[in-house]
Amino acid sequence: MIFEMKDITKVYDDGTVANDSVSLHLDRGEILSIVGENGAGKSTIMKILYGLEKPTSGEIFVGGERVHFHTPSDAMAKGIGMVQQHFMLFEEMTVAENIVFKNEISKGIFMDMDRTISKVRALSEQYGLRIDPTARISDCPVGLRQRVEILKILYQSADIIIFDEPSAVLTPLEVEGLLDTIRSLAASGKSIVLITHKLQEVMAVSDRIYVMRAGHVVAERKKAETSVEELAFLMVGHPMADREITPVKPGKTLLETKDLCLVHEGRSVLKGISLHVDEGEIVGIAGVSGNGQSELIQCITGLMRSTSGTVEVCGRDVTNRSVREIRDAGLAHISEDRFVWGSAVEATLEENTLMSRQDRPPFAKRGLIDHRAIRDHARRLIRDFGVKASSPVQKMKELSGGNAQKLVVAREMSMDTPVLVCCEPTRGIDIGAMEAIHDKLVAKRDQGAAVLLVSSELTEIMSLSDRIYVLYEGRVNGEFKRDSMDDRHLGLLMVGGATAS
């Protein structure tokens, strides 16, 4: 046994009980998963182990020795490292400089860059996490940034590595690489804790699983003795219903792009994309990350200016109009990044639920803000979408990623627009909340709205969409209807294969 936590309780100043007498342990070389819905307490218990939080009561033992961690440095001194959801990297520094930060290899009073680069390269090859040590972080995609975070921990000789929702921001291909890395680390003698709610990933790599709900450990299972279905039941406390989507006859076109092109920084990103979304249908866009999905959505929603082509919302030409004008035309947008595009992190929750409606009834009358109406609206969205928050005046940055996502989804869906553009609507959200959001998307479609769905989760695209466009290198590489979807053919198109003749 490499560590043990006994009867850990964490009560915050406002009375919130995050962990209630939680006991768990990790064996050497084991991959342990801790699963649960957002707010179940799984991240808190690991933050306590890593020294980011202090327990109200309970004991922690590492290598049989009782320990008291006041900071992450204390935990790292005992061989414990943590890869967190939101990376802690310096954008303008190189990969190597980030990895050795605060543990630099010196040559006199200066950093010895040659030895640093050599050591980082050797470390990355040792663990199969190949990366260019001289690359700037600002030039690295998300998957490579995560590698840097892992290498930072390995550089400090951690024996226990905690991964907190590590796949929340990764593409399917990057997730496969991450799972291979986790297996490789365990095989090399590292002990792994994986915090997640993605049960397929849990079943792919875990040796043992703890299930948490409402601050308690409600079950412990060996992987060979459980299933995705049982774990889902234990997480939410009730069986997961099978979703049936009744086919409907689409109405008039509400969202359309015609020959949309984008040249960005000298590179052709979008190459004549034409698509449409009609009343009463969900249209999915499938594609490996980096094939133009993000830029397409930004051109549609006014975040980027297209080079040529047109965008129409509810019959109105909104090409290269402002975000406000496009929203006024009847479009709501669940953005790809909840913190960068989807919210103001320093603002309160009620201020975030108000965005784009702050000057309109019922929230403003004759130029005066109705604070009671705003707070009532925020409370209703927090309740209806299961956002775990202390109050509507809590700051957005204080929410977990999953709860921030739920608030952004709640705001955009409550606008009741004829067109809804959804980018990664369930990213970082637990299985119960995911099911609820899927139900709300289907309900909006059944009410006659046009829903454009972009997701890196292929199962999400296939389970919800009436039609699917496949994007590859900035072009539409195929189109499917619900009754002709084939995941293998879809996957082939996503990597540049041709449609069947």
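Notes on the structure follow.

Thresholds, definitions, all that
- Residues numbered from 1 in each chain as written.
- Predicted model: local features only at pLDDT ≥ 70, side-chain atom pairs only at ≥ 80, totals over all residues.
- Heavy atoms only, no water.
- Helix = DSSP H or I, 4+ residues; strand = E, 2+ residues; numbered from the N terminus.
- Rg over C-alpha atoms; globule rule 2.2 N^0.38 Å.
- Buried < 20%, exposed > 50% of the residue type's maximum accessible area, 1.4 Å probe, protein only.
- Contact = heavy atoms within 4.5 Å.
- Areas by Shrake-Rupley, 256 points an atom, 1.4 Å probe, with all protein chains shown as cover.
- Pairing = 2+ DSSP bridges.
- Axes fitted to C-alpha atoms, helices over the stretch in contact; angles between N-to-C directions.
- Polar contact = N/O pair within 3.5 Å; in protein donor to acceptor, adjacent residues only side chain to side chain.

## Regarding the overall build of the chain
Here's step 1: Across its full length, the chain holds 16 helices and 24 strands.
Here's step 2: Over its C-alpha atoms the chain spans a radius of gyration of 24 Å, differing by no more than 12% from the 23 Å that the globule rule assigns to 501 residues.
Here's step 3: Dimensions of the chain, computed from C-alpha atoms along their principal axes, come out at roughly 70 × 50 × 50 Å.
Here's step 4: Residue burial in the chain is summarised as follows: out of 501 residues, 51% are buried.
Here's step 5: At a minimum sequence separation of 6, the contacts of the chain that also span at least 24 residues come to 66%.
Here's step 6: As presented, the chain carries roughly 22,600 Å² of accessible surface, and 49% of it is formed by carbon and sulfur atoms.

## Description of the sheet that holds strand S10 (residues 191-196)
Here's step 1: Judged by pairing direction, the sheet is mixed, and its 6 strands sit side by side in the order S6-S9-S10-S3-S11-S12 without closing on themselves. Each edge of the open sheet is held by one strand with a lone partner, namely strand S6 (80-83) and strand S12 (216-222). Pairs of neighbouring strands in the sheet enclose a mean axial angle of 20 degrees, with direction left out of account.
Here's step 2: With 4 bridges connecting them, strand S3 (residues 31-35) and strand S11 (residues 208-213) associate as parallel partners. Paired with valine 35 across the bridge in S11 is valine 211.
Here's step 3: Set on the sheet, helix H5 (residues 142-155) makes contact with S6 and strand S9 (160-164); between it and S6 the angle comes to about 170 degrees.
Here's step 4: Each of S3, S11 and S12 touches helix H8 (residues 228-236); the most contacted strand, S11, lies at about 30 degrees to it.

## Things to note about the side chain of glutamate 30
Here's step 1: Within the secondary structure layout, glutamate 30 lies in the loop between strand S2 (17-26) and S3.
Here's step 2: Look at glutamate 30 and you get buried, because its relative accessible area is 9%.
Here's step 3: Here the side chain of glutamate 30 touches aspartate 27 through a polar contact of 2.9 Å, landing on its backbone nitrogen.
Here's step 4: Every residue in contact with glutamate 30, bar those within four places of it in the chain, is listed here: Lys190, Ser191, Ile192, Asp207 and Arg208.

## A few points about the sheet that holds strand S17 (residues 316-317)
Here's step 1: Sheet architecture is open: 4 strands sit in the order S14-S13-S16-S17, paired in antiparallel fashion. Both outer strands of the open sheet, strand S14 (267-278) and S17, are each paired with one neighbouring strand and no more.
Here's step 2: Looking at chain direction, strand S13 (residues 253-264) and strand S16 (residues 308-313) are connected through 5 bridges and run antiparallel. Its bridge partner lying in S16, leucine 255 is registered against valine 313.

## Some remarks on the pairing of strand S23 (residues 467-472)
Here's step 1: In terms of burial, S23 is largely enclosed, as 5 of its 6 residues are buried.
Here's step 2: For strand S15 (residues 281-286) and S23, the ladder comprises 4 bridges, and the chain directions are parallel. Counted as the bridge partner of glycine 284 is isoleucine 468 from S23.
Here's step 3: Bridge count for S23 against strand S24 (residues 475-481) is 6 bridges, and the pairing is antiparallel.

By themselves these figures say nothing about function.
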